[in-house]
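# Structure at a glance
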Amino acid sequence: MNKIEIYVANEDTDINPSVQEAIEYVLKQNDPVGTVAGYYDEKLTIWSVSNYFLQLLGWDDLDEFMKASDGSMLSVVCNEQKHIFSSERLHDLQGSHILYLTDSKGLSIPVRIMKADARDNKGQPIWVLSARSDHFARNQEAKEAAFHRAFTDMNMCEYYVDLQENTFESMKVKGSLQEIFSKSRTWDELIQMFLDNYVCPESKEAVAQIYNREYIMKELRKITGELSQECKAVFDGEQRIIRNVVMEGDTDENGEVRHAMIFLRDVTDSKNAEKERRAMLKQNIAMDQLIQGVTRIVERFAVCDLDSGIYEYYEMNNESYYNPTGDYRELLQRMSGEYVILTEKINIQMDDLLSPEHLRKVIMSEDDLYTFEYCTLDRSSYKVMSVIPVEWKGSILSKVMLIAQDIGQKHELEKLANTDALTGLYNERYLSERLKRNGKLHKKFAMFYLDLDRFKPVNDTYGHDMGDRLLKAVSRRLCKCIRKTDYAFRIGGDEFSLIIEEGNINDEFCEMMVRRIKNAIDRPFNIEGRLLSVDTSCGYAIYPEHSQKIDEIRIMADHRMYEDKTQNRKKVNDSSAAIGYAWTSEKEKNLEKLLHEADEAMYENKKELKKEG
């Protein structure tokens, strides 16, 4: 990303060390794309904004933004959230939260915010927010990843297309193609110029289809990988073979493909070399040489004849797991019963993925390499399958090589990246991935949002080490409230979340789960001889029953948790005080033990008060 620039709304003020420290804190905590700061007055007057904050709301100019918003943060917050985003609520805001903002087009954008406090040069209190839009950040990250992949030097041009807006952003353009890029205002105009000036007549229909925006959005929803089409085109008076590649960039809030990455590569020389290689592969000696070469780098592979349905299996450790030769369909059926596919967008079996029909659909040329990841049913072993085209009959794929390689270490690293280091629960990164996956599959689930009450006094009284031990103990109890097929997350600080995907999920079930969670957490914890007590505020939401938008499910669960916290505080304020005491004697002078007994007595008294109302 480019450097974050901070613009102050008032030229008489500057960013002092207090404000700078607050900005650095929220940037570090939220990994955001923008910051905004302001005063704790009735309209939350904006004091400064960053360039990324303006960009994610669609504004190019600070003055235009300040004029449209009247310098008020409340003008930027969506109407349905203004009642909860007040000066008083912002004062008490802790941790990260989802907030809906209005962009320059009047559309609602979900952002994750993190707050810190500072003071201006006159000593007045200032709030500082970081704002991260997953859609905006994902768009930037997708671009960076796409245009830094291997072998990009071989591409004639690389660019990024907004399929819905009909715009494009060129990243690299070589030679005479620069002229049509400079003259085109929309992507449709660019493609028409490409067809008119470069593509040979016999290839125009195929190229026009693969670059049709509606066709791209429809096809990329159905496949994992890329769309590709080879065509004949004339550059500098010479006919060349050009490979057009279309890959998915990112999706909009409804899961529809919005951006696509386009690559054009001159494959004329490689196609000519491939003709010679195919001639060699038709000879048995060439196949033997190929097999000998493969055995030097992999442990097991199979050569499969898609026409005859016969495979030949090779195992380098002399402990052949499959028969050396046999029926290809039977091999696939056995593998389907032993492995689970990991990297496909939809649920699919191994025998469907490796069927001759599917392989001929995804492997269109000699340059194609088809790969996917899979694992054993017990998740004890992870592998990647690579399918390499070996032989063609005319334009029909007739023989492939299947190469399996272990990737267990990669998945161990992914597990570490998805796990909270303190508690061992899943972290917020994996929570976002899980929610996104369930949304794509339209899978019903319940999400619970939890926050510990009275946790801060534990840190203040006993120190953060004791607080960490308490968080670990809370995590263990949470795991006992759910099944092994459910998911428990620590979002950060003393915030937790649960996702339950299977079973009879309804409001009655979720309310029962809330009671179970509270009963588990509200019981005192004995941490190294100290009796510690915390309460739990909890809210839930069900997808798609309560909302068909994944982001709204998270917001609803968070709001209900906050409502529960408000009710808990009201109950505490309305109830009588709970008192605990303990007697001492000459024989018993251990003060710490007496404090434990008094705390236990207070807890029992508190339970009696609850029963009495």
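What counts, and at which threshold
- Residues numbered from 1 in each chain as written.
- Predicted model: local features only at pLDDT ≥ 70, side-chain atom pairs only at ≥ 80, totals over all residues.
- Heavy atoms only, no water.
- Salt bridge = Lys/Arg side-chain N within 4 Å of Asp/Glu carboxyl O.
- Buried < 20%, exposed > 50% of the residue type's maximum accessible area, 1.4 Å probe, protein only.
- Helix = DSSP H or I, 4+ residues; strand = E, 2+ residues; numbered from the N terminus.
- Pairing = 2+ DSSP bridges.
- Axes fitted to C-alpha atoms, helices over the stretch in contact; angles between N-to-C directions.
- Phe/Tyr/Trp six-rings, centres within 6.5 Å; stacked < 30°, edge-to-face > 60°.
- Lys NZ or Arg CZ within 6 Å of the ring centre and 35° of its normal.
- Patch = residues over 30% accessible without salt bridge, like charges linked within 9 Å, V, L, I, M, F, W, Y side chains within 5 Å.
- Areas by Shrake-Rupley, 256 points an atom, 1.4 Å probe, with all protein chains shown as cover.
- Lys, Arg positive; Asp, Glu negative; His and termini not counted.
- Charge placed at Lys NZ, Arg CZ, Asp CG, Glu CD.
- Core = buried A, V, L, I, M, F, W, Y, C linked by side-chain atoms within 4.5 Å.
- Contact = heavy atoms within 4.5 Å.
- Arc of directions from axis to C-beta.
- Polar contact = N/O pair within 3.5 Å; in protein donor to acceptor, adjacent residues only side chain to side chain.
- Left-handed = near helix turned anticlockwise from the far one by under 90°.
- Nonpolar A, V, L, I, M, F, W, Y, C, P; charged D, E, K, R; others polar.

### A few points about the pattern of salt bridges
Overall, the coordinates contain 30 salt bridges when judged by the stated rule. Ionic pairing is found between Arg-185 and Glu-189, a salt bridge with its closest N-O pair at 3.2 Å. The exposure class of Arg-185 is exposed, given its relative accessible area of 69%. Residue classification places Glu-189 among the partly exposed positions, given a relative accessible area of 25%. Its salt-bridge partner being Asp-368, residue Arg-243 comes within 2.2 Å of it at the nearest N-O pair. Note that Arg-243 is positioned in strand β10 (residues 238–251) and Asp-368 in the loop between α14 (356–362) and β16 (370–376), a separation of 125 residues in sequence. Taken together, the shared-partner salt bridges in this structure form one network comprising Lys-105, Asp-162, Glu-165 and Arg-258.

### Some points on the sheet that holds strand β7 (residues 155–162)
Judged by pairing direction, the sheet is antiparallel, and its five strands sit side by side in the order β8-β7-β11-β10-β9 without closing on themselves. Of all the strands in the sheet, just β8 (167–173) and β9 (226–235) have a single pairing partner and so form its edges. Within the sheet, the average angular offset between the axes of one strand and its neighbour, ignoring direction, is 20°. Strand direction decides the pairing type here: β9 and β10, joined by ten bridges, are antiparallel. Opposite Val-234, over in β10, you have Gln-239 as the bridge partner.

### What to know about the pairing of β10
Here is the key point about a regular strand: its side chains alternate between the two faces of the sheet. Among the 14 residues that make up β10, ten are buried, leaving the element largely enclosed by the rest of the structure. Between β9 and β10, which follow one another and run antiparallel, lie two residues, and Asp-236 among them has a positive phi close to 55°. Across nine bridges, the pairing between β10 and strand β11 (residues 257–266) is antiparallel. Each bridged residue has a counterpart across the sheet, and for Asn-244 the counterpart in β11 is Leu-264. Hairpin connection of β10 to β11: five residues between the antiparallel strands, including Gly-255 at a positive phi of 85°.

### Looking at the packing of aromatic side chains
Taken as a whole, this structure holds 21 aromatic pairs when the rule is applied. Judged by centre distance (5.8 Å) and plane angle (40°), the rings of Tyr-426 and Phe-489 are tilted. Remark: Phe-489 occurs in strand β20 (residues 487–492) and Tyr-426 occurs in the loop between α15 (408–417) and α16 (428–441); sequence separation between them is 63 residues. Among the aromatic residues, ring-to-ring pairing joins Tyr-339, Tyr-370, Phe-372 and Tyr-374 into one connected group. The ring of Phe-525 carries Arg-477 above its face, with NZ or CZ at 3.6 Å from the centroid.

### Some details on a negative patch on the surface
On the surface, Asp-60, Asp-61, Asp-63 and Glu-64 cluster together into a patch of negative charge. Looking at the secondary structure, you find Glu-64 in helix α3 (residues 62–69). Note on Glu-64: relative accessible area 46%, which makes it partly exposed.

### Side note on the nonpolar core
Among the nonpolar cores identified, the biggest contains 33 residues, and Phe-448 and Ile-517 are the most heavily contacted of them. Looking at this core, the elements that each hand over two or more residues are β19 (445–453), α18 (464–481), β21 (495–500), α19 (507–522), β22 (525–527) and β24 (535–543). Among the elements that take part in this core, α18 stands out by supplying seven residues, more than any other. If we ignore the near neighbours within four places in the chain, the residues touching Phe-448 are Phe-496, Ser-497, Leu-498, Ile-500, Cys-510, Met-513, Val-514, Ile-517, Cys-538, Gly-539 and Tyr-540. With 32 residues, the next largest nonpolar core counts Ile-180, Val-246, Ala-260 and Leu-264 among its residues.

### Quick notes on the environment of Glu-21
Looking at where Glu-21 falls in the secondary structure, it is placed in helix α1 (residues 17–30). On the basis of relative accessibility, which here comes to 57%, the residue Glu-21 falls in the exposed class.

### Some words on the sheet that holds strand β17 (residues 382–393)
Pairing is antiparallel across the open sheet formed by seven strands, whose spatial order is β14-β13-β12-β18-β17-β16-β15. Whereas interior strands pair on both sides, the edge strands pair on one side only; in this sheet they are β14 (325–327) and β15 (339–341). Adjacent strand axes in the sheet meet at a mean angle of 30°, parallel and antiparallel pairs treated alike. Two elements, strand β12 (residues 300–305) and strand β18 (residues 396–406), share six bridges in a ladder whose sense is antiparallel. Pairing of Cys-304 across the sheet is with Val-400, part of β18.

### Quick word on the pairing of β18
When you tally the buried positions in β18, you get eight out of eleven residues, the bulk of the element. If you look at the hairpin formed by β17 and β18, you'll find two residues sitting between the two strands, and Gly-394 has a positive phi there, around 70°.

### Section: helix α12 (residues 328–338)
Those residues of α12 lying buried are Tyr-328, Leu-331, Leu-332, Met-335, Ser-336 and Glu-338. Along the axis of α12, the buried positions cluster into a sector of 165°, meaning they face one direction only. Residues of α12 that are exposed and point over 90 degrees away from its buried face: Glu-330 and Gln-333. The N-cap residue of α12 is Asp-327: its side-chain oxygen and the backbone nitrogen of Arg-329 are 3.0 Å apart.

### So, the side chain of Asp-120
Relative to the helices and strands, Asp-120 resides in the loop between β5 (108–119) and β6 (125–132). It turns out Asp-120 is buried and unbridged, and the closest side chain with the opposite charge, Lys-122, is 6.6 Å from it. One polar contact links the side chain of Asp-120 to the main-chain amide nitrogen of Gln-124, over a distance of 2.8 Å. The residues contacting Asp-120, other than those within four sequence positions of it, are Asn-16, Tyr-39 and Ile-126.

### Let's talk about the packing of α18 against α19
In a pair of packed helices, the angle between the axes and the distance between the axes together describe the arrangement. Interaxial distance between α18 and α19 falls to 9 Å at its minimum, and their mutual angle equals 145°. Seen from above, α18 lies across α19 with right-handed handedness. Residues Val-474, Arg-477, Leu-478 and Cys-481 of α18 pack against Met-513, Arg-516, Ile-517, Ala-520 and Ile-521 of α19. The residue makeup of the contact of α18 with α19, split by class, is seven nonpolar, no polar and two charged.

### Notes on the environment of Cys-78
Summarising the element assignment, Cys-78 is placed in the loop between α3 and α4 (87–92). Take Cys-78: its relative accessible area is 6%, and that puts it in the buried class. Along the primary structure Cys-78 and Leu-99 are separated by 21 residues, whereas in three dimensions their C-alpha atoms are 8.4 Å apart. If near-sequence neighbours (up to four positions away) are discounted, Cys-78 is found in contact with Tyr-100, Leu-101, Thr-102 and Ser-108.

### Here's the deal with the environment of Arg-258
One can find Arg-258 in strand β11. Excluding its chain neighbours within four sequence positions, the residues that come into contact with Arg-258 are Val-161, Asp-162, Leu-163, Gln-164, Glu-165, Asp-250, Thr-251 and Asp-252. Separated by 3.1 Å, the side chains of Arg-258 and Asp-162 make a polar contact.

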